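# Descriptive analysis of the structure
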Amino acid sequence: MFELKDHDGLGRLGVLTVNEKSIKTPNLAVVVNPNELSIPPKEMMKDFGVDLIITNAYIIKNSKKAEKIERKGLHDFFNFPGLIYTDSGTYQMYSQGNALITNKETLDYQEKLGSDIHTPLDLFTTPSDNKKIARFKLEETVKRIKEVKTKNYSAPIQGGSYLELRKEACKKVSKLPATVYPIGGIVPYMINYNFKQLVKVIIECKNHLPLNTPVHAFGAGHPMVFSLLTYAGIDLFDSASYALYARNGKYVTETGTKKAEHLTSLPCTCPVCTSHKPRELRKFKYLVRHNLHALMREVRVIRQAIQEDKLFELVYSRAMSHPNIYYALRWLLKNKELIARHDPVRKRSALFWTGGLSDERPEIYYAMKQVKSLGFRKVPRPLKLVYPFGQSLGWSVNYSKKKYDDLGKLRLIADYQFGKGAGKKLIPKSVRIIKTRNQRLHQVYLDDELLFVVRARDGYCSLHSAGAERIKKYLKKVEAPEEFKKFYLKGRDVFAKHVVKCDDGIKPRMEAGVFVDKKLVAVGEALLSSQEMMGFNWGTAVKIREAIS
Ligand SMILES: [Zn+2]
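Notes on the structure in this doc start here. (Residues numbered from 1 in each chain as written. Predicted model: local features only at pLDDT ≥ 70, side-chain atom pairs only at ≥ 80, totals over all residues. Heavy atoms only, no water.)

### Considering the coordination of the zinc ion
Under ideal tetrahedral coordination, the four donors around a metal are separated by 109.5 degrees; under ideal octahedral coordination, the six donors are separated by 90 or 180 degrees. At this site the zinc ion is bound by Cys 268 (SG), Cys 270 (SG), Cys 273 (SG) and His 290 (ND1), with donor distances of 2.1 to 2.3 Å. Each of the four donor atoms around the zinc ion contributes to a set of angles spanning 98 to 119 degrees, which defines the coordination as tetrahedral. Here the donor residues for the zinc ion map to a single chain with the spacing C-x1-C-x2-C-x16-H. Look at Cys 268 and you get buried, because its relative accessible area is 9%. A relative accessible area of 4% places Cys 270 in the buried class. (Donors = N, O, S within 2.8 Å, 3.2 Å for Na, K, Ca; no water. Tetrahedral: all angles 85-135°; square planar, octahedral: opposite > 155°, others 65-115°. Buried < 20%, exposed > 50% of the residue type's maximum accessible area, 1.4 Å probe, protein only.)

### Re unusual backbone geometry
Here the residue pair Thr 25 and Pro 26 is connected by a cis peptide bond, since its omega of 0 degrees sits within 30 degrees of zero. Position of Pro 26 relative to the elements: it lies in the loop between β3 (21-25) and β4 (27-32). In this model, Tyr 387 is joined to Pro 388 through a cis peptide bond whose omega is 0 degrees. In this fold, Pro 388 is placed in the loop between α18 (362-373) and β13 (392-393). We note that Asp 448 has phi near 65 degrees; this positive angle belongs to a residue other than glycine. Mapped onto the elements, Asp 448 comes out in the loop between β15 (441-446) and β16 (449-454). (Helix = DSSP H or I, 4+ residues; strand = E, 2+ residues; numbered from the N terminus.)

### Section: the packing of aromatic side chains
One pass over the full model with this rule turns up 12 aromatic pairs. Their ring planes at 35 degrees and their centres at 5.1 Å tell us that Tyr 193 and Phe 195 sit as a pair that is tilted. You can call Tyr 193 partly exposed: its relative accessible area is 24%. Among the aromatic residues, those joined into a cluster by ring pairs are Phe 389, Trp 395, Tyr 416 and Tyr 460. The ring of Tyr 109 has Lys 61 lying over it, and the distance from NZ or CZ to the ring centre is 5.5 Å. Over the aromatic face of Phe 515 sits the side chain of Lys 477, whose NZ or CZ is 5.4 Å from the ring centroid. (Phe/Tyr/Trp six-rings, centres within 6.5 Å; stacked < 30°, edge-to-face > 60°. Lys NZ or Arg CZ within 6 Å of the ring centre and 35° of its normal.)

### Concerning the pairing of β16
Relative to β16, β15 runs antiparallel, the two being bridged by four bridges. The partner of Val 444 across the bridge, within β16, is Phe 452. Between the end of β16 and the start of strand β17 (residues 461-463), which pair antiparallel, lie six residues, with Gly 459 showing a positive phi angle near 75 degrees. (Pairing = 2+ DSSP bridges.)

### Focus: the pattern of salt bridges
According to the stated counting rule, one finds 36 salt bridges in the structure shown. Here Lys 347 and Asp 8 are joined by a salt bridge, their closest N and O atoms 2.5 Å apart. Of the two residues, Lys 347 sits in the loop between α17 (336-342) and β12 (351-352) while Asp 8 sits in strand β1 (residues 2-8), which places them 339 residues apart along the sequence. Across the pair, exposure class does not vary: Lys 347 and Asp 8 are buried alike. (Salt bridge = Lys/Arg side-chain N within 4 Å of Asp/Glu carboxyl O.)

### Looking at helix α8 (residues 163-173)
Of all the positions in α8, only Leu 165, Arg 166, Ala 169, Cys 170 and Val 173 are classed as buried. In a view along the axis of α8, the buried residues occupy a sector of 140 degrees, so they form one face of it. (Arc of directions from axis to C-beta.)

### Here we look at the side chain of Glu 525
Within the element layout of this structure, Glu 525 appears in strand β22 (residues 519-526). Within the local environment of Glu 525, its side chain forms a polar contact with the side chain of Arg 346, the two groups lying 3.5 Å apart. If near-sequence neighbours (up to four positions away) are discounted, Glu 525 is found in contact with Arg 346, Arg 509, Met 510, Ala 541, Val 542, Lys 543 and Arg 545. (Polar contact = N/O pair within 3.5 Å; in protein donor to acceptor, adjacent residues only side chain to side chain. Contact = heavy atoms within 4.5 Å.)

This is how it looks when you write it as structure tokens:
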């Protein structure tokens with residue numbers, strides 16, 4: 001079960017629940033090798049906040065500890081009450097070159113170990129595979145996914161660099177009720193820092209995968225790309241890198257890796273770095289712990305950035321640390337239409353225009369598209385009150401000179417928000433406009449009935465029932481079943497699983513009308529995009545503000 005809590009760009013805050021264990025996403029599945037426990041999983045949970053680990057069934061099967069692990073089960077053996085995800089051994093077989101385990105064997109074994117999420121033995125596609133081979137591997141992988149008998153499993157997407165094959169793979173697996181969709185075969189892009197190709201593959205998959213399931217970038221383990229990949233819609237990462245880098249004497253930071261032997265002062269405030277000298281960080285036991293802190297910190301920074309609607313600013317700052325991240329972001333922003341579809345219509349923080357790629361932001365793209373749809377070439381001045389025009393720093397907007405009275409301002413804002421003509425319909429001349437003490441437009445009444453409130457934070461209109469009733473023709477419609485009408489009339493929210501149909505073009509935080517039998521019954525705020533409302537079975541689709549009396 002996967003529930004969406006918030007959005008920014010294609011980035012999502014979610015909650016994934018498997019076997020009654022819930023984790024937040026985006027999240028990092030920390031790779032644990034039972035043969036080399038560099039940090040015990042119990043310590044990972046207690047001191048690092050790790051609640052998801054991934055371990056490898058193939059490695060366990062060939063380990064000296066196999067018997068003990070089989071007897072105790074993974075959770076007991078690792079003393080880890082969080083989620084345990086198992087990999088099949090695909091990568092080991094790819095790197096060792098011969099088939100040493102079958103699909104059935106690995107699946108049965110993962111079940112025996114008591115893993116929470118099982119992974120079939122997919123066929124790893126390399127960048128050098130030709131299309132014929134890539135297609136064969138894709139089809140064989142899909143066949144193997146279909147052999148999974150357990151409830152919670154991952155359905156890997158193969159297809160290599162061939163985007164049309166990735167699309168085909170997505171279409172095939174999207175019919176299967178998987179718990180996670182891992183995008184496979186991306187390790188070579190990570191190793192070569194080919195982040196642009198990586199993002200191309202991810203976007204192709206995001207375009208064709210169902211939205212109600214988390215997507216895992218299988219093998220993406222460097223924190224410098226986590227925010228970029230989150231912005232492209234990735235929900236899960238995994239990392240063996242914290243230990244691999246430490247073994248090679250590398251100190252991981254969110255902007256790159258450094259040689260531990262070159263450190264003269266530690267650019268980090270994790271518990272390891274604040275209690276040790278730079279020289280001591282050359283020791284594996286300290287370096288591996290710092291590295292894991294660095295990874296987990298970036299995951300938390302990303303979650304907070306989504307919460308504040310600052311994910312773009314975060315990705316952009318990471319893009320300044322490596323040209324390949326910059327080029328990948330530049331390519332990603334060509335997909336504005338896709339990003340804008342799920343990006344909230346108004347945000348909690350001001351848009352910071354910081355040059356370069358800022359003009360390509362989906363927020364600006366959507367806002368200018370709305371302005372054009374009203375027939376304006378320059379931005380009308382009243383929009384200075386509205387996100388993102390008014391709530392931005394550094395962005396020089398080309399405003400028209402025309403002046404508007406209060407009625408004109410409000411009508412224009414309503415047109416911008418609901419479409420041309422909505423302003424006149426919503427706000428007749430006889431309205432009473434209430435301003436705040438410092439002359440900000442605040443509330444609009446008609447015959448003592450509140451039509452709407454102008455939000456202080458972003459200038460958007462929050463409709464009340466009388467206002468919604470006046471412009472129901474312009475409102476984005478969400479249709480819900482008759483049997484729940486009584487709840488909506490009491491102000492209860494509309495759950496995604498109850499949405500029967502909805503208009504296209506709903507973005508999170510837009511005003512939405514709830515309709516039962518073609519009648520408007522309530523007005524509120526959409527928490528999901530149109531596609532998400534139709535795709536999700538969990539969570540709230542529309543937060544009701546007021547029922548229509
Ligand atoms: Zn540190």
